[in-house]
Amino acid sequence: MSTFPGHRPVVAIVDAYSSASHLAPLFRARGYDCLHIQSLEQPPAAFAASFRPGDFIATVVHCGDAAETLTGIAPYAPVALLAGAEIGVELADVLSEALGLRTNGTALSSARRDKFRMLETVKAAGVPAVEQVLATDLDTLLDWYGESDRTVVLKPVRSALNDGVSFCSTVGDVGAAFESLVGADSALGLRNDAVVAQEYLVGAEYYVNTVSLDGKHYVCDVWKTQHLKVNGVRDLLGGSALLVRRGPEQDLLTEYTFSVLDALGVRHGPAHTELKLTPQGPRLVETGARVCGAMLPLLTRAAIGESQLEWTALAYTDPEAFDARRHTDYEVARHAVCVNMIAPEAGKLVDYPKMTELRALESFHDVLLKVRPGDEIARTVNDLTYPMLVHLLHEVEGVVTHDYMTARYLDGEGFYDVV
């Protein structure tokens, strides 16, 4: 543990990984020191690699005993405590409630992590949601599926990064997906004892990123995603485009999102909500009570001047300013697209032969390399296996669209030199 904190107030962040690794500098800039709380003794490698220890005065490791963790936190007397990554959501609820800080509380905590309980809780509040079943055995699942072929989605009860999500269109698909999931460990290191099966939602998928304070919600950014049928995956995320704040789709989606947040008891802090706009209206895919992942807030910040990260820091350090500003819509200064590049095969990556062409795109802003030449590359099938994310940014929307299509064209076998 590093040196005892000085006179500056302390904000505690549980699992400051992925995009949440960028929160601490914002709190520090506002006059607060940051304490890191690690929810697992061995956090998943997918998260731990993004941790920035230099941003924190100390780390308290949670070993399963909340009382012991609270004792470790006590000397720092945090004035706020929030979750960073998805794996820290429930512990953040326990600790913030015990400390008497702003909290979403523990009453609905499991509904904010358990995919099945999440949708059942939303439906119980009168918010329309998809038909689903929780199955610990195959017979239960097949009884729900029925004899007629239809498309459904199977997923682990608790996971992240789209790990274990399967799209099934036949009884055989359902059985195979069930057998591959149950008994296996998720990307978060949790054993899958059951699966959630849901009716497949037809429609475009969107993200609505929010920050809440005392039950009042602010929309930080709205994204429309594009998916591809590739590498054996029916709906693999190919990219996402930032939308302006207002419009018929955005208004429907944000109103529905607020209802979901209220139903799930999200009264404080950031939330990342994924939903589809179906012919029947918006329907929830899932909500995470933490900042949007995949470093998307960094692209948001470049496009509109601030992001969910800045709004989170504002909410916890200056509630009055948050309340005064939450009535103002964000404005898109530059249009933005995040392109998810999709590797067609696994092996050892020698090089990206067309990288120069990609960087030459007029709207090219940045690239987040996850696999570098010399590393092992995996065939892209979920959020864990994208070799890179490309950020495009330009004042003219048409230029971004043009470059997005070009990047999508460049991607594929000729883009990767793999042995």
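These figures come from a predicted structure and were not determined experimentally. (Residues numbered from 1 in each chain as written. Predicted model: local features only at pLDDT ≥ 70, side-chain atom pairs only at ≥ 80, totals over all residues. Heavy atoms only, no water.)

1. Looking at the overall build of the protein chain
- A tally of regular secondary structure across the protein chain gives 13 helices and 19 strands.
- Against the compact-globule benchmark of 22 Å for 419 residues, the protein chain has a radius of gyration of 21 Å, which places it among compact chains.
- Once the C-alpha set of the protein chain is aligned to its principal axes, its extents read approximately 60 × 55 × 45 Å.
- When each of the 419 residues of the protein chain is scored for burial, the buried share is 57%.
- Nonlocal contacts in the protein chain, meaning residues at least 24 apart in sequence, comprise 67% of its contacts between residues at least 6 apart.
- Accessible area for the protein chain stands at about 17,000 Å²; split by element, carbon and sulfur atoms hold 51% of it.
- Charge-centre separation for the protein chain: the mean point of 35 positive side chains lies 4 Å from the mean point of 55 negative side chains. (Helix = DSSP H or I, 4+ residues; strand = E, 2+ residues; numbered from the N terminus. Rg over C-alpha atoms; globule rule 2.2 N^0.38 Å. Buried < 20%, exposed > 50% of the residue type's maximum accessible area, 1.4 Å probe, protein only. Contact = heavy atoms within 4.5 Å. Areas by Shrake-Rupley, 256 points an atom, 1.4 Å probe, with all protein chains shown as cover. Lys, Arg positive; Asp, Glu negative; His and termini not counted. Charge placed at Lys NZ, Arg CZ, Asp CG, Glu CD.)

2. Things to note about the environment of Leu392
- With respect to the helices and strands, Leu392 occurs in strand E18 (residues 388-394).
- In this structure Leu392 comes out as buried when scored by relative accessible area, which is 0%.
- Distance from Leu392 to Tyr404, taken between C-alpha atoms, is 7.5 Å for residues twelve residues apart in sequence.
- Each residue touching Leu392, except ones within four places of it in the same chain, is listed here: Leu299, His335, Ala336, Val337, Val339, Leu361, Ser363, Phe364, His365, Val400, Asp403 and Tyr404.

3. Here we look at the packing of helix H3 (residues 66-73) against helix H4 (residues 89-98)
- Two numbers describe how H3 lies on H4: the axes approach to 11 Å, and their chain directions differ by 60 degrees. Comparing the axis directions of H3 and H4 gives the class oblique. The chirality of how H3 crosses H4 is right-handed. Residues Ala66, Thr69, Leu70 and Ile73 of H3 form the contact with H4, whose participating residues are Val94, Leu95 and Ala98.
- Looking at the contact of H3 with H4 residue by residue, the class counts come to six nonpolar, one polar and no charged. (Axes fitted to C-alpha atoms, helices over the stretch in contact; angles between N-to-C directions. Parallel < 35°, antiparallel > 145°, perpendicular 65-115°, else oblique. Left-handed = near helix turned anticlockwise from the far one by under 90°. Nonpolar A, V, L, I, M, F, W, Y, C, P; charged D, E, K, R; others polar.)

4. Focus: the packing of helix H6 (residues 138-145) against helix H7 (residues 171-181)
- For the pair H6 and H7, the least separation of the axes is 11 Å and the interaxial angle reads 150 degrees. Here H6 is positioned roughly antiparallel relative to H7, judged by the angle of their axes. Crossing of H6 over H7 shows right-handed handedness. For the pair H6 and H7, contact is made by Leu138, Leu141, Leu142 and Tyr145 and by Val171, Val174, Gly175, Phe178 and Glu179, respectively.

5. A closer look at the sheet that holds strand E2 (residues 33-38)
- If you walk across this open sheet you meet the four strands as E3-E2-E1-E4, and the pairing is parallel. With one partner strand each, in any of the chains shown, strand E3 (58-61) and strand E4 (80-83) form the two edges of the open sheet. For this sheet, the mean inter-axis angle between neighbouring strands, taken without regard to orientation, is 25 degrees.
- Here four bridges tie strand E1 (residues 10-14) to E4, and the two strands are oriented parallel to one another. In the sheet register, Ala12 faces E4, and the bridge partner there is Leu81.
- Each of E1, E2 and E4 is contacted by H4, which is oriented at about 160 degrees to E4, the strand it contacts most. (Pairing = 2+ DSSP bridges.)

6. Topic: the sheet that holds strand E5 (residues 132-135)
- Reading across the sheet, the four strands line up as E5-E8-E6-E7 and stay open at both edges, with antiparallel pairing between neighbours. The strands lining the two open edges of the sheet, one partner per strand, are E5 and strand E7 (166-168). For this sheet, the mean inter-axis angle between neighbouring strands, taken without regard to orientation, is 25 degrees.
- Two strands pair when backbone bridges link them, and strand E6 (residues 152-156) and E7 are joined in this way by three bridges, in the antiparallel orientation.

7. A few points about H7
- Looking at H7, one finds that the buried residues are Val174, Gly175, Ala177, Phe178 and Leu181. Buried residues of H7 fall within an arc of 165 degrees about the axis and therefore sit on the same side. Away from the buried face of H7 by more than 90 degrees, exposed residues Gly172 and Glu179 are located.
- The elements touched by buried residues of H7 are E5, H6, E6, E7 and strand E8 (195-199). (Arc of directions from axis to C-beta.)

8. Thoughts on the pairing of E3
- In E3, alternate side chains face the same way, and those of Ala58 and Val60 are buried while those of Thr59 and Val61 on the opposite face are not.
- Sheet analysis places E2 next to E3, joined by four bridges and oriented parallel. Residue pairing in the sheet places Gln38 in a bridge with Val61 of E3.

9. Quick word on the side chain of His36
- Looking at the element boundaries, His36 is found in strand E2.
- When residues no more than four places from it in sequence are discounted, the contact partners of His36 are Ile13, Asp15, Ala16, Tyr17, Phe51, Phe56, Ala58, Thr59 and Val60.

10. Overview of unusual backbone geometry
- Positive phi outside glycine occurs at Asn231, with the angle close to 55 degrees.
- Position of Asn231 among the secondary structure elements: in the loop between strand E10 (216-230) and strand E11 (233-243).
- Overall, the relative accessible area of 13% leaves Asn231 in the buried class.
- Here Ala294, not a glycine, exhibits a phi torsion of approximately 60 degrees, which is positive.
- Considering the arrangement of structural elements, one finds Ala294 in the loop between strand E13 (281-288) and helix H9 (296-304).
- With relative accessibility at 42%, the residue Ala294 sits in the partly exposed group.

11. Some thoughts on the side chain of Ser363
- With respect to the element layout, Ser363 can be found in the loop between helix H12 (355-359) and strand E16 (364-369).
- Judged by relative accessible area, which is 0%, Ser363 ranks as buried.

That's the geometry; what it means functionally is another story.
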